[in-house]
Amino acid sequence: MELKSIYDFTVKDNKGNDVSLSQYKGKVLLIVNTATGCGFTPQYDELEALYDKYAKEGFEVLDFPCNQFGSQAPGTDDEIHDFCTLRYSTKFPRFKKIDVNGENALPLYSWLKEYGEIKRFDKKHPFMSLVVMLMEKVNKNHKQDNDIRWNFTKFLIDKEGNVVSRFEPTANQDVLEPAIKELLK
């Protein structure tokens, strides 16, 4: 069976339970691969602020921890969850730690990478030179392929389950919020 919609996927929550993404039909989703020890980890504050502000309007953040970039999410699923809830007071759904690239990539991420225009890194971001240097070590073809380039890559999904945008890790709340608000109308 070919998966044609985000709602066709089932993923594991951080406790190992199956979660059908069909339960999010009619909602605007922001799907993020995260890490607890990354320079972008403080974005959890911004993600939680967006979630708090727009959850009642039908917005969800779906958090997929990933340890593929610099081993920056080394803990267990429980340790990651505890870190995020205690340090950043996150309340949005968190899923089992996954791979986003390679032969073990979560099928959802393999599908997501085929959709959504890639927004390149903001060259003015203070982490830009470090991230590019690290990306070169992880994937020398990062400029030519659809692979996820680093932690905190974000996919914005509309109420019909379509990938609307892909944002690289440097995209912050100022960039995300207008796009989210537009989709919630």
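Refer to the structure presented above.
Please read all numbers here as calculations on a predicted model, not as lab measurements. (Residues numbered from 1 in each chain as written. Predicted model: local features only at pLDDT ≥ 70, side-chain atom pairs only at ≥ 80, totals over all residues. Heavy atoms only, no water.)

What to know about the packing of aromatic side chains
How two aromatic rings sit relative to each other is set out by the distance from centre to centre and by the angle between their planes. For the structure on display, the rule yields 10 aromatic pairs. When the centroid spacing of 5.5 Å and the interplanar angle of 85 degrees are considered together, the rings of Tyr44 and Phe152 count as edge-to-face. Remark: Phe152 occurs in the loop between helix H4 (128–138) and strand E6 (154–157) and Tyr44 occurs in helix H1 (residues 43–54); sequence separation between them is 108 residues. Judged by its relative accessible area of 0%, Phe152 is buried. Ring centres of Phe69 and Trp150 lie 5.5 Å apart, and the angle between their planes is 40 degrees; on these two criteria the pair is classed as tilted. (Phe/Tyr/Trp six-rings, centres within 6.5 Å; stacked < 30°, edge-to-face > 60°. Helix = DSSP H or I, 4+ residues; strand = E, 2+ residues; numbered from the N terminus. Buried < 20%, exposed > 50% of the residue type's maximum accessible area, 1.4 Å probe, protein only.)

Structural notes on H1
In this model H1 runs 17 Å from its N-terminal to its C-terminal C-alpha over 12 residues, within 8% of the 16 Å that 1.5 Å per residue would give. Those residues of H1 that fall on the buried side of the exposure criterion are Gln43, Tyr44, Leu47, Glu48, Leu50, Tyr51 and Tyr54. The arc that holds every buried residue of H1, seen down its axis, measures 160 degrees, which confines them to one face. On its buried side, H1 packs onto strand E3 (28–34), strand E4 (59–65), helix H2 (77–88), E6 and helix H5 (173–184). (Expected span 1.5 Å × (residues − 1). Arc of directions from axis to C-beta. Contact = heavy atoms within 4.5 Å.)

Concerning the nonpolar core
Note that soluble globular proteins tend to have their nonpolar side chains buried in a common cluster. Ile6, Ile31, Phe59, Phe64, Leu108, Tyr109 and Leu112 are the most contacted members of the largest nonpolar core, which has 52 residues in total. Beyond its immediate stretch of four places on either side in the chain, Phe64 contacts Val11, Ile31, Val32, Asn33, Thr34, Phe95, Lys96, Ile98, Leu106, Leu108 and Tyr109. (Core = buried A, V, L, I, M, F, W, Y, C linked by side-chain atoms within 4.5 Å.)

Things to note about the pattern of salt bridges
Scanning the entire structure with this criterion turns up 11 salt bridges. Between Lys53 and Glu177 there is a salt bridge, with the nearest N and O atoms lying 2.7 Å from each other. Linking Lys53 in helix H1 with Glu177 in helix H5, this pair joins segments that are 124 residues apart in sequence. Measuring nitrogen to oxygen at the nearest pair gives 3.3 Å for the salt bridge that ties Asp147 to Lys113. (Salt bridge = Lys/Arg side-chain N within 4 Å of Asp/Glu carboxyl O.)

Observations concerning unusual backbone geometry
The backbone of Ser89 sits at a positive phi, close to 55 degrees, despite the residue not being glycine. Its place among the elements puts Ser89 in the loop between H2 and helix H3 (107–112). You can call Ser89 partly exposed: its relative accessible area is 44%. Unlike most non-glycine residues, Phe152 shows phi in positive territory, near 70 degrees.

Some points on the packing of H1 against H5
At a minimum axis distance of 11 Å, the contact between H1 and H5 shows a crossing angle of 25 degrees. In terms of orientation, H1 lies roughly parallel with respect to H5. Handedness of the H1/H5 crossing: right-handed. Along the contact surface, H1 presents Glu46, Ala49, Leu50, Lys53 and Tyr54, while H5 presents Gln173, Leu176, Glu177, Ile180, Lys181 and Leu184. The residue inventory of the contact of H1 with H5, partitioned by class, reads 6 nonpolar, 1 polar and 4 charged. (Axes fitted to C-alpha atoms, helices over the stretch in contact; angles between N-to-C directions. Parallel < 35°, antiparallel > 145°, perpendicular 65-115°, else oblique. Left-handed = near helix turned anticlockwise from the far one by under 90°. Nonpolar A, V, L, I, M, F, W, Y, C, P; charged D, E, K, R; others polar.)

Describing the pairing of strand E7 (residues 163–167)
In terms of burial, E7 is a largely internal element, 4 of the 5 residues being buried. As defined by bridge partners, E6 adjoins E7 across 4 bridges and the pair is classed as antiparallel. Bridge assignment links Lys154 to a residue of E7, and that residue is Phe167. (Pairing = 2+ DSSP bridges.)

Considerations on H5
For H5, with 12 residues, the first-to-last C-alpha span of 16 Å sits near the 16 Å given by 1.5 Å per residue. Three or more residues of H5 are buried, namely Gln173, Leu176, Glu177, Ile180, Leu183 and Leu184. For H5, the angular spread of the buried residues around the axis is 130 degrees, confining them to a single face. Tucked into the core, H5 has its buried residues touching E3, H1, E4, E6 and E7. The N-terminus of H5 is capped by Asn172, whose side-chain oxygen sits 3.0 Å from the backbone nitrogen of Asp174. (Polar contact = N/O pair within 3.5 Å; in protein donor to acceptor, adjacent residues only side chain to side chain.)

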